[in-house]
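Each chain is listed here by its residues.
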Amino acid sequence: MALQVGVVGATNTGALSRRLSKTPELLQDWALFVGRTLAELGCDLFTNGGEGMLAAVVSAYKDAGGRLWTVVLPKQPIRWPNYHVLPYADKADAVHWEETWDDANNAVVTLPSLC
């Protein structure tokens, strides 16, 4: 069985860049490194839906031949809207549905072996 890794991260790369005083390009490079490395190590990837760093990790993971990306999504738009992440259900290899965003975020860090 492959090591299952959950990745959580910022979806607003610009805000993260300002907060960390790092360029968006450097953050993008870090995300691509993480995605490629997880694919090369044969890990399964768990994320929630989102743009920015999460999208970059997933893109690099799949481009590098990542085996299994599971996206964890909320059924209900409780706390935040969910319309913007529903397209990830069609892009992922597998979808795990939780009731709310809190449940989905919690599942990303508790379902896999490592986060």
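As a reminder, the structure under discussion sits directly above these lines.
Quick look at the structure, then. All of these numbers come straight from a predicted model, not from anything done at the bench. (Residues numbered from 1 in each chain as written. Predicted model: local features only at pLDDT ≥ 70, side-chain atom pairs only at ≥ 80, totals over all residues. Heavy atoms only, no water.)

## What about the overall build of the protein?
- Each helix and strand counted, the protein has five helices and four strands in total.
- Listing each helix as α and each strand as β along the protein from the N terminus yields β-α-α-β-α-β-α-β-α.
- Against the 2.2 N^0.38 benchmark of 13 Å for 115 residues, the protein shows a C-alpha radius of gyration of 14 Å, consistent with a compact globule.
- Taking the principal axes of its C-alpha atoms as reference, the protein extends roughly 35 × 35 × 25 Å.
- Scored against the burial criterion, the 115 residues of the protein give a buried share of 39%.
- Pairs at least 24 apart in sequence give 61% of the contacts found in the protein among residues at least 6 apart.
- When the accessible surface of the protein is totalled, it reaches about 6400 Å², and 55% of it is carbon and sulfur.
- Averaging the coordinates of the 9 positive side-chain charges in the protein and doing the same for the 12 negative ones gives two points 5 Å apart. (Helix = DSSP H or I, 4+ residues; strand = E, 2+ residues; numbered from the N terminus. Rg over C-alpha atoms; globule rule 2.2 N^0.38 Å. Buried < 20%, exposed > 50% of the residue type's maximum accessible area, 1.4 Å probe, protein only. Contact = heavy atoms within 4.5 Å. Areas by Shrake-Rupley, 256 points an atom, 1.4 Å probe, with all protein chains shown as cover. Lys, Arg positive; Asp, Glu negative; His and termini not counted. Charge placed at Lys NZ, Arg CZ, Asp CG, Glu CD.)

## Notes on the pattern of salt bridges
- Under the criterion given, the structure shown has three salt bridges.
- Among the ionic pairs, Arg67 bridges to Asp44, the shortest N-O distance being 2.8 Å. Of the two residues, Arg67 sits in the loop between α3 (52-63) and β3 (69-74) while Asp44 sits in strand β2 (residues 44-48), which places them 23 residues apart along the sequence.
- By relative accessible area, which is 53% here, Arg67 ends up exposed.
- A relative accessible area of 3% places Asp44 in the buried class.
- Note that Lys62 and Asp93 form a salt bridge whose closest N and O atoms lie 2.7 Å from each other. Of this pair, Lys62 sits in helix α3 while Asp93 sits in the loop between α4 (88-91) and β4 (94-98), and the two are 31 residues apart along the sequence.
- Residue Asp93 is classed as partly exposed on the basis of its relative accessible area of 40%. (Salt bridge = Lys/Arg side-chain N within 4 Å of Asp/Glu carboxyl O.)

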